[in-house]
Amino acid sequence: MKFFIDTANLAQIKEAQDLGVLDGVTTNPSLMAKEGITGHENVINHYKAICEIADGDVSAEVIATDFENMVKEGEVLAALNPKIVVKVPMIREGIKAIKYFSSKGIKTNCTLVFSAGQALLAAKAGATYVSPFIGRLDDISTDGLALIEDIRLIYDNYGYETQILAASVRHPMHIIECAKLGSDVITGPLSAIVALMKHPLTDIGLAQFLADHAKAAEK
(Lines give C-alpha, C1' and ligand atoms only; values in the text may rest on other atoms or scores of the structure.)
Protein backbone atom coordinates (compact mmCIF):
# COMPACT_ATOMS: atom_id res chain seq x y z
CA MET A 1 0.00 0.00 0.00
CA LYS A 2 1.26 3.47 -0.90
CA PHE A 3 1.50 6.22 1.71
CA PHE A 4 0.66 9.75 0.58
CA ILE A 5 0.74 12.77 2.87
CA ASP A 6 -2.20 15.18 2.72
CA THR A 7 -0.72 18.63 3.22
CA ALA A 8 0.79 21.68 1.56
CA ASN A 9 3.37 22.12 4.34
CA LEU A 10 6.82 21.72 2.80
CA ALA A 11 8.51 20.89 6.10
CA GLN A 12 6.08 18.05 6.78
CA ILE A 13 6.47 16.72 3.24
CA LYS A 14 10.26 16.75 3.66
CA GLU A 15 9.98 15.02 7.04
CA ALA A 16 7.80 12.29 5.52
CA GLN A 17 10.15 11.95 2.55
CA ASP A 18 13.16 11.66 4.87
CA LEU A 19 11.36 8.95 6.83
CA GLY A 20 11.65 6.80 3.71
CA VAL A 21 8.03 5.69 3.40
CA LEU A 22 6.48 8.54 1.38
CA ASP A 23 5.02 7.58 -2.00
CA GLY A 24 3.27 10.83 -2.91
CA VAL A 25 1.43 13.98 -1.87
CA THR A 26 -2.15 15.17 -2.04
CA THR A 27 -3.22 18.72 -1.43
CA ASN A 28 -6.16 21.03 -2.14
CA PRO A 29 -7.08 24.73 -2.07
CA SER A 30 -7.99 24.56 1.64
CA LEU A 31 -4.60 23.10 2.55
CA MET A 32 -2.87 25.71 0.39
CA ALA A 33 -4.78 28.50 2.15
CA LYS A 34 -3.85 27.00 5.53
CA GLU A 35 -0.18 27.53 4.62
CA GLY A 36 -0.88 31.09 3.45
CA ILE A 37 -0.43 30.18 -0.23
CA THR A 38 -2.78 32.39 -2.24
CA GLY A 39 -2.81 33.72 -5.77
CA HIS A 40 -2.39 31.68 -8.95
CA GLU A 41 1.35 32.25 -9.40
CA ASN A 42 2.14 31.43 -5.76
CA VAL A 43 0.07 28.25 -5.91
CA ILE A 44 1.82 27.15 -9.11
CA ASN A 45 5.23 27.80 -7.59
CA HIS A 46 4.24 25.88 -4.47
CA TYR A 47 3.28 22.84 -6.54
CA LYS A 48 6.70 23.04 -8.18
CA ALA A 49 8.35 23.15 -4.76
CA ILE A 50 6.38 20.10 -3.60
CA CYS A 51 7.46 18.19 -6.71
CA GLU A 52 11.10 18.99 -5.95
CA ILE A 53 10.79 17.35 -2.52
CA ALA A 54 8.51 14.37 -3.14
CA ASP A 55 9.56 11.40 -5.26
CA GLY A 56 6.03 10.22 -6.14
CA ASP A 57 2.79 11.55 -7.57
CA VAL A 58 1.56 14.98 -6.46
CA SER A 59 -2.17 15.69 -6.74
CA ALA A 60 -2.92 19.26 -7.82
CA GLU A 61 -6.57 20.30 -7.78
CA VAL A 62 -8.46 22.29 -10.40
CA ILE A 63 -10.68 25.11 -9.16
CA ALA A 64 -13.06 25.32 -12.14
CA THR A 65 -16.32 23.38 -12.16
CA ASP A 66 -17.03 23.54 -15.92
CA PHE A 67 -15.46 21.20 -18.46
CA GLU A 68 -13.67 23.81 -20.59
CA ASN A 69 -11.91 25.51 -17.70
CA MET A 70 -11.16 22.24 -15.90
CA VAL A 71 -9.31 21.15 -19.03
CA LYS A 72 -7.44 24.47 -19.29
CA GLU A 73 -6.39 24.39 -15.63
CA GLY A 74 -5.55 20.70 -15.72
CA GLU A 75 -3.32 21.01 -18.76
CA VAL A 76 -1.40 23.86 -17.13
CA LEU A 77 -0.94 21.82 -13.93
CA ALA A 78 0.08 18.65 -15.79
CA ALA A 79 2.73 20.60 -17.71
CA LEU A 80 4.46 21.68 -14.48
CA ASN A 81 6.03 18.30 -13.74
CA PRO A 82 5.52 14.64 -14.77
CA LYS A 83 4.69 13.90 -11.11
CA ILE A 84 1.55 16.04 -11.22
CA VAL A 85 -1.82 14.26 -11.03
CA VAL A 86 -4.76 16.49 -11.92
CA LYS A 87 -7.31 16.38 -9.12
CA VAL A 88 -10.89 16.68 -10.40
CA PRO A 89 -14.14 16.78 -8.38
CA MET A 90 -16.78 14.06 -8.72
CA ILE A 91 -19.35 16.02 -10.70
CA ARG A 92 -20.80 15.60 -14.20
CA GLU A 93 -18.30 17.99 -15.78
CA GLY A 94 -15.54 16.34 -13.76
CA ILE A 95 -16.25 12.92 -15.24
CA LYS A 96 -16.10 14.42 -18.73
CA ALA A 97 -12.79 16.08 -17.86
CA ILE A 98 -11.35 12.83 -16.47
CA LYS A 99 -12.27 11.06 -19.71
CA TYR A 100 -10.56 13.82 -21.70
CA PHE A 101 -7.40 13.76 -19.55
CA SER A 102 -7.29 9.97 -19.73
CA SER A 103 -7.36 10.11 -23.53
CA LYS A 104 -4.39 12.50 -23.43
CA GLY A 105 -2.34 10.38 -21.04
CA ILE A 106 -2.71 12.85 -18.16
CA LYS A 107 -3.00 11.26 -14.72
CA THR A 108 -6.09 12.13 -12.68
CA ASN A 109 -7.43 11.85 -9.14
CA CYS A 110 -11.21 11.92 -8.81
CA THR A 111 -11.86 13.59 -5.48
CA LEU A 112 -14.85 14.08 -3.14
CA VAL A 113 -16.11 10.53 -3.68
CA PHE A 114 -18.67 9.29 -1.16
CA SER A 115 -20.37 6.34 -2.87
CA ALA A 116 -19.52 3.18 -4.77
CA GLY A 117 -21.51 4.45 -7.75
CA GLN A 118 -19.35 7.55 -7.97
CA ALA A 119 -16.22 5.40 -7.79
CA LEU A 120 -17.54 3.17 -10.58
CA LEU A 121 -18.12 6.15 -12.87
CA ALA A 122 -14.64 7.50 -12.13
CA ALA A 123 -13.08 4.16 -13.06
CA LYS A 124 -15.08 3.93 -16.29
CA ALA A 125 -13.89 7.44 -17.21
CA GLY A 126 -10.30 6.26 -16.74
CA ALA A 127 -9.28 7.96 -13.48
CA THR A 128 -5.80 7.04 -12.24
CA TYR A 129 -6.94 7.40 -8.63
CA VAL A 130 -10.31 7.64 -6.92
CA SER A 131 -10.46 9.34 -3.51
CA PRO A 132 -13.23 8.14 -1.17
CA PHE A 133 -13.31 10.41 1.90
CA ILE A 134 -13.66 7.89 4.72
CA GLY A 135 -13.19 10.31 7.62
CA ARG A 136 -15.93 12.65 6.42
CA LEU A 137 -18.30 9.68 6.13
CA ASP A 138 -17.44 8.66 9.68
CA ASP A 139 -18.25 12.23 10.75
CA ILE A 140 -21.88 11.76 9.67
CA SER A 141 -22.19 8.33 11.31
CA THR A 142 -21.65 6.41 8.07
CA ASP A 143 -19.07 3.61 7.76
CA GLY A 144 -16.32 5.03 5.58
CA LEU A 145 -14.37 1.77 5.61
CA ALA A 146 -17.38 -0.10 4.21
CA LEU A 147 -17.11 2.15 1.15
CA ILE A 148 -13.48 1.08 0.64
CA GLU A 149 -14.60 -2.55 0.82
CA ASP A 150 -17.38 -1.99 -1.75
CA ILE A 151 -15.12 -0.19 -4.20
CA ARG A 152 -12.43 -2.88 -3.89
CA LEU A 153 -15.00 -5.58 -4.70
CA ILE A 154 -16.36 -3.71 -7.72
CA TYR A 155 -12.94 -2.89 -9.15
CA ASP A 156 -11.75 -6.47 -8.68
CA ASN A 157 -14.92 -7.82 -10.32
CA TYR A 158 -14.19 -5.98 -13.56
CA GLY A 159 -10.43 -5.49 -13.52
CA TYR A 160 -10.46 -1.70 -13.26
CA GLU A 161 -6.94 -0.33 -12.90
CA THR A 162 -8.05 2.82 -11.07
CA GLN A 163 -6.28 2.91 -7.71
CA ILE A 164 -8.31 3.36 -4.52
CA LEU A 165 -6.83 6.31 -2.63
CA ALA A 166 -8.41 6.37 0.82
CA ALA A 167 -8.63 10.04 1.76
CA SER A 168 -9.67 11.94 4.88
CA VAL A 169 -7.69 9.41 6.91
CA ARG A 170 -7.67 10.63 10.50
CA HIS A 171 -5.72 8.15 12.63
CA PRO A 172 -3.50 5.02 12.46
CA MET A 173 -6.38 2.54 12.73
CA HIS A 174 -7.87 4.02 9.56
CA ILE A 175 -4.56 3.15 7.86
CA ILE A 176 -4.49 -0.40 9.24
CA GLU A 177 -8.10 -1.10 8.27
CA CYS A 178 -7.58 0.32 4.77
CA ALA A 179 -4.55 -1.96 4.37
CA LYS A 180 -6.63 -4.97 5.44
CA LEU A 181 -9.35 -4.06 2.94
CA GLY A 182 -6.92 -3.70 0.05
CA SER A 183 -6.85 0.06 -0.49
CA ASP A 184 -4.06 0.86 -2.96
CA VAL A 185 -3.16 4.15 -1.29
CA ILE A 186 -3.94 6.12 1.87
CA THR A 187 -3.48 9.84 2.28
CA GLY A 188 -3.51 11.53 5.63
CA PRO A 189 -1.62 13.80 8.00
CA LEU A 190 1.94 13.08 9.01
CA SER A 191 0.72 12.50 12.58
CA ALA A 192 -1.35 9.47 11.52
CA ILE A 193 1.57 7.92 9.63
CA VAL A 194 4.06 8.50 12.43
CA ALA A 195 1.59 7.10 14.99
CA LEU A 196 1.98 3.68 13.36
CA MET A 197 5.43 3.49 14.95
CA LYS A 198 4.14 4.03 18.47
CA HIS A 199 3.47 1.26 21.00
CA PRO A 200 3.92 1.46 24.79
CA LEU A 201 5.57 -1.97 24.92
CA THR A 202 8.17 -0.79 22.40
CA ASP A 203 8.96 2.19 24.62
CA ILE A 204 9.10 0.03 27.77
CA GLY A 205 11.23 -2.60 26.06
CA LEU A 206 13.70 -0.07 24.69
CA ALA A 207 14.01 1.64 28.08
CA GLN A 208 14.73 -1.73 29.69
CA PHE A 209 17.34 -2.66 27.07
CA LEU A 210 19.12 0.66 27.56
CA ALA A 211 18.98 0.34 31.34
CA ASP A 212 20.42 -3.19 31.21
CA HIS A 213 23.15 -2.04 28.84
CA ALA A 214 24.06 0.81 31.19
CA LYS A 215 24.31 -1.59 34.12
CA ALA A 216 26.51 -3.98 32.15
CA ALA A 217 28.77 -1.14 31.08
CA GLU A 218 29.33 -0.16 34.73
CA LYS A 219 30.71 -3.61 35.61
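Residue positions are counted from 1 within each chain, in the order its sequence is given. Predicted model: local features are reported for residues with pLDDT of at least 70 only, side-chain atom pairs are reported and counted for 80 or more only, and whole-chain, interface and lining totals are derived from all residues. As a rule here, side-chain values come from all non-hydrogen atoms in the structure, and water together with hydrogens is ignored.

By definition, no residue in a patch forms a salt bridge, and every one has over 30% relative accessible area; like charges are joined within 9 Å, nonpolar side chains (Val, Leu, Ile, Met, Phe, Trp, Tyr) within 5 Å. The accessible surface values rely on the Shrake-Rupley method and a 1.4 Å probe; as for residues, cover is taken only from the protein chains in view. What makes a salt bridge here is a side-chain nitrogen of Lys or Arg within 4 Å of a carboxyl oxygen of Asp or Glu, nothing more. Together, Leu19, Val21 and Met197 make up an exposed nonpolar region whose accessible area comes to about 260 Å². Numbering of helices and strands runs from the N terminus; a helix is a DSSP stretch of H or I covering at least four residues, while a strand is a stretch of E covering at least two. Along the polypeptide, Leu19 turns up in helix 1 (residues 10–19).

Classification of ring pairs uses Phe, Tyr and Trp, with its six-membered ring standing for Trp, and accepts pairs whose centres are within 6.5 Å; under 30 degrees between planes counts as stacked, over 60 as edge-to-face, and the remaining range as tilted. Applying the stated criterion across every chain, the model contains six aromatic pairs. Between the aromatic rings of Tyr100 and Phe101, the centroid separation amounts to 5.8 Å while the plane-to-plane angle is 65°, which identifies the pairing as edge-to-face. Relative accessible area decides the class of each residue, using a 1.4 Å probe on protein chains only: under 20% of the type maximum gives buried, over 50% gives exposed, and in between gives partly exposed. In this structure Phe101 comes out as buried when scored by relative accessible area, which is 0%. Grouped by ring-pair contacts, the aromatic residues Phe67, Tyr100 and Phe101 constitute a single cluster. Above the face of the Phe67 ring, Lys96 is positioned so that its terminal group lies 5.4 Å from the ring centre. In our convention, an over-ring charge means Lys NZ or Arg CZ found within 6 Å of a ring centre and within 35 degrees of that ring's normal.

A positive phi is found at Leu112, a non-glycine position, where the angle reads about 60°. Take Leu112: it is sitting in strand 5 (residues 108–113). A positive phi angle, close to 60°, is found at Ser141, a residue other than glycine. As for its position among the elements, Ser141 is in the loop between helix 7 (134–139) and helix 8 (144–158).

Side chains Tyr129 and Ser131 project from strand 6 (residues 129–132) onto one buried face, and the interleaved Val130 and Pro132 project onto a second face that is buried too. A right-handed crossover is one whose linking path, passing over the helix from the first strand to the second, runs clockwise when the strands point away from the viewer. You can see the chain leave strand 5, run along helix 6 (residues 116–125) and come back into strand 6, and the turn it takes is right-handed. In the sheet, strand 6 pairs with strand 7 (residues 163–166) via two bridges, with the strands oriented parallel. Each bridged residue has a counterpart across the sheet, and for Val130 the counterpart in strand 7 is Ile164. When DSSP finds at least two bridges between two strands, those strands are taken to pair.

A few words now on the sheet that holds strand 5. Taken together, eight strands build a closed barrel; the order of strands is 1-2-3-4-5-6-7-8 and the barrel is parallel. Pairs of neighbouring strands in the sheet enclose a mean axial angle of 30°, with direction left out of account. Working rule for contacts: check all heavy atoms of both residues, and any pair within 4.5 Å makes them a contact. The angle between two axes is taken between their N-to-C directions and runs from 0 to 180 degrees, where each axis is a line fitted to C-alpha atoms and a helix contributes only its stretch in contact. Where helix 4 (residues 67–78) meets the sheet, its contacts fall on strand 3 (57–61) and strand 4 (84–89), and the angle it forms with strand 4 comes to roughly 160°.

Helix span is expected to be 1.5 Å times the residue number reduced by one. Over its twelve residues, helix 4 runs 16 Å from end to end, which matches the ideal 16 Å to within 8%, given 1.5 Å per residue. For helix 4, every residue scored as buried is listed here: Met70, Val71, Gly74 and Leu77. Angularly, the buried residues of helix 4 cover 130° about the axis, an arc narrow enough to put them on a single face. Taken together, the buried residues of helix 4 touch helix 3 (40–53), strand 3, strand 4 and helix 5 (92–103). In this description, one arc is meant: the one made by directions from the helix axis to the C-beta atoms.

This part takes up the environment of Leu80. You can see Leu80 is positioned in the loop between helix 4 and strand 4. C-alpha separation for the pair Leu80 and Pro189, spaced 109 residues apart in sequence, amounts to 25 Å. Ignoring any residue separated from it by four or fewer positions in sequence, one finds Leu80 in contact with Ile44, Tyr47 and Lys48.

Let's shift gears to helix 8. Relative to the 21 Å expected for 15 residues at 1.5 Å per residue, helix 8 spans 22 Å between its end C-alpha atoms, a close match to the ideal helical length. Gly144, Leu145, Leu147, Ile148, Ile151, Arg152 and Tyr155 are the residues of helix 8 that are buried. Along helix 8, the residues classed as buried sweep out an arc of 150° about the axis, all on the same side. Facing away from the buried surface of helix 8 by more than 90 degrees, the exposed residues are Leu153 and Asn157.

Let us now look at the side chain of Ser183. Relative to the elements of secondary structure, Ser183 occurs in the loop between helix 9 (172–181) and strand 8 (185–188). N or O atoms within 3.5 Å of each other form a polar contact, as long as, within protein, one can give a hydrogen and the other can take it, and as long as residues adjacent in sequence are counted only when both atoms are side-chain atoms. Side-chain polar atoms of Ser183 contact the backbone oxygen of Val185, separated by 2.8 Å. Sequence-distant contacts of Ser183, defined by excluding residues within four places in its chain, comprise Met1, Ile148, Ile164, Ala166 and Cys178.

Glancing now at the pattern of salt bridges. Using the criterion set out here, one finds nine salt bridges in the structure. For Lys14, the salt bridge identified is with Asp18, shortest N-O distance 2.9 Å. Of the two residues, Lys14 and Asp18 both sit in helix 1, four residues apart, roughly one turn of that helix. With a relative accessible area of 45%, Lys14 lands in the partly exposed category. Classification of Asp18 by relative accessible area gives exposed; the value is 55%. One salt bridge in this structure joins Asp156 and Arg152, with 3.2 Å as the shortest N-O distance. Residue Asp156 and its partner Arg152 are located together in helix 8, separated by four residues, close to a single helical turn. Relative accessible area serves as the criterion here: at 52%, Asp156 is assigned to the exposed category. A network of salt bridges, in which partner residues are shared, links Arg152, Asp156 and Asp184.

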